[in-house]
Amino acid sequence: MSALESRAGVSTFVYVSNAADGDIRSYGMQPDGTLQPGARIKAADAVGPMAVSPDRRFLYAAVRSQPFSVHAYSITPGSGALTPLSVSPLAESFPYISLDQTGRYLFGASYQGNLITVNAVGSDGHVAGAPLQIIAVGRNAHSIRIDGSNRFIYVPTLGSDQIFQFAFDAKSGRLSSNTPAVVQLQAMTGPRHIVTSADNRFLYVLNELLASVTVFALDGGTGLLSEIGSASGLPADTRLVPGLPRVGVGGPDTALPRNRDHDIWAADIHLTPNGKFLYISERTSSTLGAFSVNVQTGKLTYLASTPTERQPRGFAIDPGGRFLVAAGEKSDTISVYAIDEASGALSLQQKYPAGKGANWIEIVSFG
């Protein structure tokens, strides 16, 4: 019996990918946010981004070392245990993968390849080896996500300061450019990761080079984005300065001749399920920035920054919206924070052992 299976009543599970160890670690989450460390399952060197199928039956993890691949695992509801299912090739190194709302298609965005792909996914969870589409986009594609209607796809390209807009055909799995095809942001903004509101009215873009979040209105009929405004996720007295694009995994940062110790280097973004609060991670300062959200207008108001694990690339919020779990690429622990339901304030509950190079977190609840 595994450590997870020995904890009666556990129905929420946390998965952390550890790039340097090449594995995925599981934890059971108790109702009070306490974690019970569970099994570590081998993946491959530089395992990174993960995605969970909408029906919570499968977890997918992309490997950023050659040969580029995606590992599929089945999730056992009672224990949260991961069982290796298949390994399929990917067209490039992907810092981000996601699924459509049916779980039938896997999307990938390649920072170094400047492209996106679509792969079919079988009902058994297996990812098809040959992509349905490979589409060139702007420089340094950093994420790819579908909207709540399962009709529109958005791709931020950090190096060209653009968001590519696509229409998605769920029957064929194919993407086609929307009109206009691109939303242009100001130079040296660095759009990176995105989230959409639960009502599908707003899209929020985290800008890596500024640690700001740009808010867009999302037209549910056309899928087109209209910028509303932006807000900084850093305190007014920050000593950080705007950053520069980085080369990415597997290459030296030769494009950065200056010292980077004070460069802004934002990473991840998530909304609470009720849409009231939004959080981002900033790696140079090792902090989590918090915003309140006006659910009617989409407007953000900066609240505070909370110290967290060293170089926090990834974090996640549990489906109940009560806890935030953060990892650090240069830390040997992960942190669990309680989210104050009234103020959005984060309070550290406890730290737990983590693997090396922890960089991505997924949280799955059953029942």
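Use the structure listed above.
Cut-offs used in this document
Counting from 1, residues in each chain are numbered in the order their sequence is written. Predicted model: local features are reported for residues with pLDDT of at least 70 only, side-chain atom pairs are reported and counted for 80 or more only, and whole-chain, interface and lining totals are derived from all residues. Remark: hydrogens and water are excluded; side-chain values derive from all non-hydrogen atoms of the structure. Helix and strand assignments come from DSSP, with helices taken as H or I runs of at least 4 residues and strands as E runs of at least 2, each series counted from the N terminus. Taken over C-alpha atoms, the radius of gyration is set against a globule rule of 2.2 Å times the number of residues to the power 0.38. Relative accessibility under 20% of the residue-type maximum defines a buried residue, over 50% an exposed one, and the middle range a partly exposed one, all with a 1.4 Å probe and only protein chains included. A contact between two residues is defined here by any heavy atoms of the two lying within 4.5 Å. Per-residue and other accessible areas were derived by the Shrake-Rupley procedure at a 1.4 Å probe size, with only the shown protein chains allowed to occlude residues. Charge counting follows a simple rule: Lys and Arg are positive, Asp and Glu are negative, and His as well as the terminal groups are ignored. A single reference atom marks each charge: NZ on Lys, CZ on Arg, CG on Asp, CD on Glu. Stacked, edge-to-face and tilted are the three classes for Phe, Tyr and Trp ring pairs, Trp counted by its six-membered ring, which pair at centre distances within 6.5 Å; planes under 30 degrees apart are stacked, over 60 edge-to-face, the rest tilted. Note on terminology: a nonpolar core comprises buried Ala, Val, Leu, Ile, Met, Phe, Trp, Tyr and Cys residues joined through side-chain atoms within 4.5 Å. Put simply, a salt bridge is a Lys or Arg side-chain nitrogen that is within 4 Å of an Asp or Glu carboxyl oxygen. Between any two strands, pairing holds if DSSP finds at least two bridges. Only C-alpha atoms enter the line fits that serve as axes; for helices the fit covers just the stretch in contact. Angles between N-to-C directions range over 0 to 180 degrees.

Visitor: So what about the overall build of the protein chain? Which residues, and what values?
Guide: Looking only at helices and strands, the protein chain has zero helices and 28 strands in total. Taking 21 Å as the expected radius of gyration for a compact globule of 367 residues, we find that the protein chain reaches 19 Å, a close match to that expectation. Considered along the principal axes of its C-alpha atoms, the protein chain spans approximately 55 × 50 × 45 Å. For the protein chain, with 367 residues in total, the buried portion stands at 56%. Of the contacts made within the protein chain by residues no fewer than 6 positions apart, 46% connect residues no fewer than 24 positions apart. Counting only carbon and sulfur atoms, one obtains 52% of the accessible surface of the protein chain, whose full area is about 14,200 Å². Charged side chains in the protein chain number 28 positive and 29 negative. The centres of these two groups are separated by 1 Å.

Visitor: Help me get a handle on the environment of K171, residues and values and all.
Guide: Relative to the helices and strands, K171 is located in the loop between β14 (162–169) and β15 (174–184). Looking at K171, the relative accessible area reads 77%, which means it is exposed. Separated by 98 residues in the primary sequence, K171 and Y73 place their C-alpha atoms 25 Å from one another.

Visitor: Before we move on, can you summarise the packing of aromatic side chains with the specific residues and values?
Guide: Under the definition given, this model contains six aromatic pairs. An angle of 80° between the planes, with centres 5.5 Å apart, marks the rings of Y96 and W360 as edge-to-face. Taken together, the positions of Y96 in strand β8 (residues 96–99) and W360 in strand β28 (residues 358–365) put the pair 264 residues apart, joining distant regions of the chain. For the pair Y96 and W360, a shared accessibility class is recorded, and that class is buried. An angle of 85° between the planes, with centres 5.4 Å apart, marks the rings of F107 and F168 as edge-to-face. One end of the pair, F107, is in strand β9 (residues 105–110); the other, F168, is in strand β14, and 61 residues separate them in sequence. The same class applies to F107 as to F168, namely buried.

Visitor: Lay out the nonpolar core with the relevant residues and their values.
Guide: Considering soluble globular proteins, one finds that nonpolar side chains tend to be buried as a cluster. Ranked by internal contacts, the top residues of the largest apolar core, which has 35 residues, are Y15, I24, L59, I116, I153 and F166. V195, F202, V215 and A266 belong to the second-largest nonpolar core, a separate cluster that totals 19 residues.

Visitor: Tell me about the pattern of salt bridges, residues and numbers included.
Guide: Summed over the entire model, instances satisfying the criterion amount to seven salt bridges. A single salt-bridge network, built from bridges that share partners, covers D21, D23 and R40.

Visitor: Please provide a residue-by-residue account of the environment of L244, values included.
Guide: Tracing the backbone shows L244 in the loop between β19 (225–232) and β20 (266–271). A sequence separation of 54 residues divides L244 from G190, and the C-alpha atoms of the two residues are 8.2 Å apart.

Visitor: A description of the sheet that holds β20 should follow, citing residues and the corresponding values.
Guide: Spatially, four strands are ordered β20-β21-β22-β23 in an open sheet, and the strand pairing comes out antiparallel. In the strand order of this sheet, the two ends are held by β20 and β23 (300–307), each with one partner. Recorded for the sheet is a direction-independent mean angle of 20° between the axes of neighbouring strands.

Visitor: Which residues make up the side chain of R25, and what values do they have?
Guide: With respect to the helices, strands and loops of the structure, R25 is situated in strand β2 (residues 23–29). Put simply, R25 is tucked away with no salt bridge, and the nearest opposite charge, on D21, sits 7.4 Å away. Beyond its immediate chain neighbours, meaning those up to four positions away, R25 contacts V14, Y15, V16, N18, P37, G38, A39, R40, P353 and A354.

Visitor: An account of the pairing of strand β11 (residues 133–136) is requested, with residue identities and associated values reported.
Guide: Consecutive side chains of a regular strand alternate in pointing toward one face of the sheet and then the other. The two faces of β11 differ: Q133 and I135 on one face are buried, but I134 and A136 on the other face are not. Across four bridges, the pairing between strand β10 (residues 115–120) and β11 is antiparallel. Residue V118 lies in a different strand from β11, and its bridge partner there is Q133.

Visitor: Residues and numbers for unusual backbone geometry, please.
Guide: A cis amide bond links Q66 with the next residue in sequence, P67, at an omega value of 0°. Looking at where P67 falls in the secondary structure, it is placed in the loop between β5 (58–63) and β6 (69–75). At R56, a residue that is not glycine, the phi angle is positive and equals roughly 65°. Here R56 is to be found in the loop between β4 (47–52) and β5.

Visitor: Describe the sheet that holds β28, naming the residues involved and giving the relevant values.
Guide: An order of β3-β2-β1-β28 is seen for the four strands of this open sheet, with the pairing classed as antiparallel. The open sheet terminates on both sides in strands that have one partner only, identified here as β3 (35–42) and β28. Direction aside, the axes of adjacent strands within the sheet are offset by 20° on average.

Visitor: Kindly report on the environment of A358, identifying the contributing residues and their values.
Guide: Tracing the backbone through its elements, the reader meets A358 in strand β28. A relative accessible area of 0% places A358 in the buried class. The spatial distance from the C-alpha of A358 to the C-alpha of A326 is 9.4 Å, given a sequence separation of 32 residues. The residues touching A358, leaving out its near neighbours within four places in the chain, are V16, S17, N18, A327, G328 and E329.

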